Amino acid sequence: MGIEVQRVSKTFGSFKALKDVSLKVNDGELVTLLGPSGSGKTTLLRIIAGLELPDDDDKGAVLFSGEDVAKKHVRDRQVGFVFQHYALFKHMSVFDNIAFGLRVRPKHERPSKQAIKDKVMSLLKLIQLEQFATRFPSQLSGGQRQRVALARALAIEPRVLLLDEPFGALDAKVRQGLRTWLRRLHDEVHVTTILVTHDQEEALEVADRVVVMNQSKIEQVGTPEEVFHKPASEFVIDFLGNVNVFKGRLESGRAHFDTLAMDVPGLAHAPAGHANVYVRPHDLDIDRQKNGSQSLAANIERINPAGAHAKLTLLGVDGNEIQVDLPFERFTALNLKPGELVYVSPRKVHVFAPEYMI
Ligand code: ATP
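What you are looking at is a predicted structure, and each value in this text was computed from that prediction instead of being measured. (Residues numbered from 1 in each chain as written. Predicted model: local features only at pLDDT ≥ 70, side-chain atom pairs only at ≥ 80, totals over all residues. Heavy atoms only, no water.)

Q: Looking at this structure, I do not really get the sheet that holds strand 3 (residues 30–34). What am I missing?
A: Whenever strands of a sheet pair, they do so through backbone hydrogen bonds, lying parallel or antiparallel. Here we have six strands laid out as an open sheet, ordered 6-7-8-3-9-10, and mixed in their pairing. Every interior strand has two partners, whereas the edge strands, strand 6 (79–83) and strand 10 (217–222), have only one. Here the strands of the sheet are splayed against their neighbours by 15° on average, with no regard to which way each runs. The pairing of strand 3 with strand 9 (residues 209–214) spans four bridges and is classified as parallel. Paired with leucine 33 across the bridge in strand 9 is valine 211. (Pairing = 2+ DSSP bridges. Helix = DSSP H or I, 4+ residues; strand = E, 2+ residues; numbered from the N terminus. Axes fitted to C-alpha atoms, helices over the stretch in contact; angles between N-to-C directions.)

Q: Can you help me understand the pairing of strand 12 (residues 254–257) in this one?
A: In summary, the side chains of a regular strand alternate between the two faces of the sheet. The alternating pattern of strand 12 places Ala255 and Phe257 on a buried face, while none of Arg254 and His256, on the opposite face, is buried. Note that strand 11 (residues 244–251) and strand 12 share four bridges and pair antiparallel. Following the sheet pairing, glycine 248 is matched in strand 12 by phenylalanine 257. Linking two consecutive strands that pair antiparallel, namely strand 11 and strand 12, is a turn of two residues; a positive phi of about 50° is found at serine 252 within it. Note: strand 12 against strand 13 (residues 260–263), four bridges, orientation antiparallel. (Buried < 20%, exposed > 50% of the residue type's maximum accessible area, 1.4 Å probe, protein only.)

Q: Explain the sheet that holds strand 16 (residues 296–304) here, please?
A: Strand order across the open sheet formed by five strands is 15-19-16-17-18, with antiparallel pairing between neighbours. A strand with exactly one partner marks an edge of an open sheet, and here the two such strands are strand 15 (284–287) and strand 18 (321–327). Geometrically, the sheet is characterised by an average inter-axis angle of 45° between neighbouring strands, direction not taken into account. Judged from the seven bridges that link them, strand 17 (residues 309–316) and strand 18 form a sheet pairing that is antiparallel. Residue pairing for strand 18: leucine 315 is matched across the bridge by glutamate 321.

Q: How do you make sense of the environment of arginine 145 when you look at a structure like this?
A: Along the chain, arginine 145 falls in helix 4 (residues 142–155). According to the relative accessible area criterion, arginine 145 is partly exposed, its value standing at 22%. For the pair arginine 145 and valine 94, spaced 51 residues apart in sequence, the C-alpha to C-alpha distance is 8.8 Å. At 3.1 Å, the side chain of arginine 145 and the backbone oxygen of proline 137 are in polar contact. Polar contacts involving the side chain of arginine 145 include one to the main-chain carbonyl oxygen of leucine 140, which spans 3.1 Å. (Polar contact = N/O pair within 3.5 Å; in protein donor to acceptor, adjacent residues only side chain to side chain.)

Q: I keep staring at the nonpolar core and nothing clicks. Help me out?
A: Generally speaking, nonpolar side chains in soluble globular proteins are found buried as a group. Membership of the largest hydrophobic core comes to 36 residues, with the highest contact counts inside it found for Ile98, Leu124, Ile127, Val148 and Leu182. Going through the elements one at a time, helix 2 (94–103), helix 3 (113–126), helix 4, strand 7 (160–164) and helix 5 (172–189) are the ones with two or more residues in this core. With seven residues, helix 4 is the single largest residue contributor to this core. Once you skip the residues sitting within four places of it in the chain, leucine 124 turns out to touch Val94, Ile98, Leu129, Glu130 and Ala133. (Core = buried A, V, L, I, M, F, W, Y, C linked by side-chain atoms within 4.5 Å. Contact = heavy atoms within 4.5 Å.)

Q: Help me understand the domain arrangement of the chain in this model?
A: Interface size, as often reported, equals the accessible area lost upon joining of the parts. Partitioning the chain into domains gives domain 1 (3–239) and domain 2 (244–357). Each partner contributes to the roughly 810 Å² buried at the junction of domain 1 and domain 2, and carbon and sulfur atoms together form 57% of this total. Its largest share of buried area at the contact with domain 2, domain 1 owes to Phe228, Glu234 and Ile237, together 66% of the area lost on that side. Split by residue class, the side of domain 1 that touches domain 2 holds four nonpolar, two polar and one charged. (Domains from an automatic or database assignment. Buried area = accessible area lost by both parts, 1.4 Å probe. Nonpolar A, V, L, I, M, F, W, Y, C, P; charged D, E, K, R; others polar.)

Q: Please clarify how the pattern of salt bridges should be interpreted in this entry.
A: Pairing of side chains with opposite charge becomes possible as their charged atoms draw close. Enumeration according to the criterion identifies 21 salt bridges in this entry. The partner of glutamate 157 in a salt bridge is lysine 119, and the shortest N-O contact between them spans 2.7 Å. One end of the pair, glutamate 157, is in the loop between helix 4 and strand 7; the other, lysine 119, is in helix 3, and 38 residues separate them in sequence. The shortest N-O distance in the salt bridge between arginine 179 and glutamate 202 comes to 3.9 Å. Linking arginine 179 in helix 5 with glutamate 202 in helix 6 (residues 200–206), this pair joins segments that are 23 residues apart in sequence. In this structure, arginine 179 and glutamate 202 share a single accessibility class: buried. Three or more residues are tied together by salt bridges with common partners; here these are Arg175, Arg179, Asp199, Glu201, Glu202 and Glu205. (Salt bridge = Lys/Arg side-chain N within 4 Å of Asp/Glu carboxyl O.)

Here it is in structure tokens:
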């Protein structure tokens, strides 16, 4: 089922938590809402769920499959939820937790005992916890509890699955495993899913499309590739991973920053003026000598070689700190040491000038 949010605003007292937000989520899509704390992600999710009402300003609407759900109560929206703090019933077994949503249905809608059993067992298989049916939540790990919470949400065959930081309370390794698992699960069940997270890696890894939020608005909607490689704003490039920023100038389609001047084809006709030049650490290369390509001199301050990329912190001649991620093989081949003077050359830059960008 597709979801459409049209021009929704939400005010708490005098604070605008959402400002004229519009968003389309396609049927069967997995979309992540990504943004810093307080940007409005949970508020948007709760409005879609029906747990919160949008401002009554005659503009805002939430549609499920084209139908306005403003008057539909939460329980009639057929939404499955999972929150950060697994709200499993402590006194119920895993089996009973998953069966709960089916057992509380009105008698005429309630499946038979056998149908409930079959459903729960198939969900236990899906979450790979078949042998844990009789355990209680306290006898499960955090990751296992969240898988049960997901199975419980799926048991009612929701038309939409809303996940609010479902892995937020878990450690990095478990989160990583659950992310991969969630993506696989989604590929099997294909229920339209919206996942709230403030974790960039998580958002980029699991989503079909990412919605980047900032200060009560949507900054950009795109595939993980689009938002990462074609960021629509300085906020997006800055929020999606480490990035170096150089204050510079744009003149006749060339960006001047530090000691460099590079052509910026997309801004060939932009008026001259101030520009910010962003370069991702992995888009910088290092050489011992000037090699003819555009490069700037810098001193190596620190090296962290643990990982597929060696992480280097350098100091440019103008005192600018520069982060470089160098493939480990290249790092070992160059045999770099702290204190050395080297030449740093950008492979790719993103230039943002007032009203223009590439
Ligand atoms: P986080 O990642 O920290 O959960 P978020 O992006 O989900 O943040 P929201 O929970 O949507 O942010 O909150 C957006 C803003 O609205 C925050 O500044 C928050 O304090 C405010 N807010 C949310 N709910 C209420 C409420 N019931 N009453 C007053 N202010 C609220």
